Amino acid sequence: MSGKVFDTDDDPGCAHKDRGHRQNDPAEWDIQPEPVTCRTVVALLEEQTPRSVMTDLRYESAEPYSIFVVFNAGTGMAIEWELGRELMTSGRRRLAGLGDVQIWPAEIRGHELVYMSFRSGWEKFVVAAAGVVIDEFLKSTFEVVPLGEETRFLGVESFVSQLPDET
C-alpha cells in the first residue's frame, strides 16, 4: 500500500482453483471448484476521514446467484453481507439496487471506483472499492459459473429426478 486508503494499482488478490476435472455439464464435475476469494482493502466513508477496512469478497458455485462480502476479514469482529452477483455486475455500469444494498460506479482522479451502500434498519454505511479489484473478482466468478448459467449449478434437476413419483 502506498499510504492511501486503498491502492488501485495493487494486485487484486483474487483466486480460485478447480479441484477435479471439469466436464461440460457441472453435474458431471468430479468435485466442485473451490470458492473464488478476493481480499482487498476498501474505504469506509465516514464524516471526516475515510477508514481502511480489510474485506473479503467470496463466491461459491453452490450458491451461484450470491456474492458474500465480509468486512474486517481476519479480525475478531466481522460483518458479512450477501448480495446478488448480478447486482454487483450492474453496479459496475450504473446505479443498481433498491433498499438495503446499492452499488454504483464513479471515477475520481482517473481511478475507477465502486461505491457500495449497505443499510440495516436505521444504520447505513458506504464503502468505496477499487474498480479493478471488483472487475477481477467478477471475472473470476464468471470463469466458475458463466453469467446466465446459474441454474445449471443449483442441482435442482438432480433433486427433482430423485423425488418419488406419486401420481
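Calculation criteria
Residues numbered from 1 in each chain as written. Predicted model: local features only at pLDDT ≥ 70, side-chain atom pairs only at ≥ 80, totals over all residues. Heavy atoms only, no water. Helix = DSSP H or I, 4+ residues; strand = E, 2+ residues; numbered from the N terminus. Buried < 20%, exposed > 50% of the residue type's maximum accessible area, 1.4 Å probe, protein only. Contact = heavy atoms within 4.5 Å. Areas by Shrake-Rupley, 256 points an atom, 1.4 Å probe, with all protein chains shown as cover. Salt bridge = Lys/Arg side-chain N within 4 Å of Asp/Glu carboxyl O. Pairing = 2+ DSSP bridges. Expected span 1.5 Å × (residues − 1). Polar contact = N/O pair within 3.5 Å; in protein donor to acceptor, adjacent residues only side chain to side chain.

Details of the overall build of the chain
Then comes step 1: When you go through the chain residue by residue, the secondary structure sums to three helices and eight strands.
Then comes step 2: Taken from N to C terminus, the helices and strands of the chain fall in the order β-β-β-β-β-α-β-β-β-α-α.
Then comes step 3: Out of the 167 residues in the chain, the part that is buried amounts to 37%.
Then comes step 4: Taking as baseline every contact in the chain between residues at least 6 positions apart, the subset at least 24 positions apart corresponds to 39%.
Then comes step 5: Only carbon and sulfur atoms are counted for the fraction: they give 50% of the accessible area of the chain, which is about 10,200 Å².

Remarks on the pattern of salt bridges
Then comes step 1: Evaluation of the coordinates by the stated rule reveals six salt bridges.
Then comes step 2: Of the charged contacts, one joins glutamate 46 and arginine 51 as a salt bridge, the two residues approaching to 3.0 Å between their closest N and O atoms.
Then comes step 3: Taking the shortest distance from any N to any O, the salt bridge between glutamate 80 and arginine 58 comes out at 3.4 Å. Of this pair, glutamate 80 sits in strand β5 (residues 79-84) while arginine 58 sits in strand β3 (residues 51-59), and the two are 22 residues apart along the sequence.
Then comes step 4: Look at arginine 58 and you get partly exposed, because its relative accessible area is 23%.
Then comes step 5: One network of salt bridges, in which partners are shared, links Arg58, Glu60 and Glu80.

Quick notes on the pairing of strand β7 (residues 111-120)
Then comes step 1: The sheet contact formed by strand β6 (residues 101-108) and β7 spans eight bridges and is antiparallel. Bridge assignment links alanine 106 to a residue of β7, and that residue is leucine 113.
Then comes step 2: Here β6 folds back onto β7 in antiparallel fashion, the turn holding two residues, of which arginine 109 has a positive phi close to 50°.
Then comes step 3: Here β7 pairs with strand β8 (residues 123-130) via eight bridges, running antiparallel. When the bridges of β8 are listed, valine 114 appears paired with alanine 129.
Then comes step 4: Linking β7 back to β8 in an antiparallel pair, the connection comprises two residues, with glycine 121 at a positive phi of about 65°.

Side note on helix α2 (residues 131-144)
Since there are 3.6 residues in each turn of an α-helix, residues three or four apart along the chain are aligned in direction.
Then comes step 1: Its 14 residues place the ends of α2 20 Å apart at the C-alpha level, agreeing with the 20 Å of an ideal helix rising 1.5 Å per residue.
Then comes step 2: Along α2, the positions that sit buried rather than exposed are Gly131, Val133, Ile134, Phe137, Leu138, Ser140, Thr141 and Val144.

With respect to the side chain of arginine 85
Then comes step 1: With respect to the element layout, arginine 85 can be found in helix α1 (residues 85-91).
Then comes step 2: For arginine 85, the side chain forms a polar contact with the main-chain oxygen of threonine 141, separated by 3.2 Å.
Then comes step 3: Not counting the four nearest positions on each side in its chain, arginine 85 is found in contact with Tyr59, Pro64, Tyr65, Ser66, Ile67, Leu138, Thr141, Phe142, Val145, Pro146, Leu147 and Glu150.

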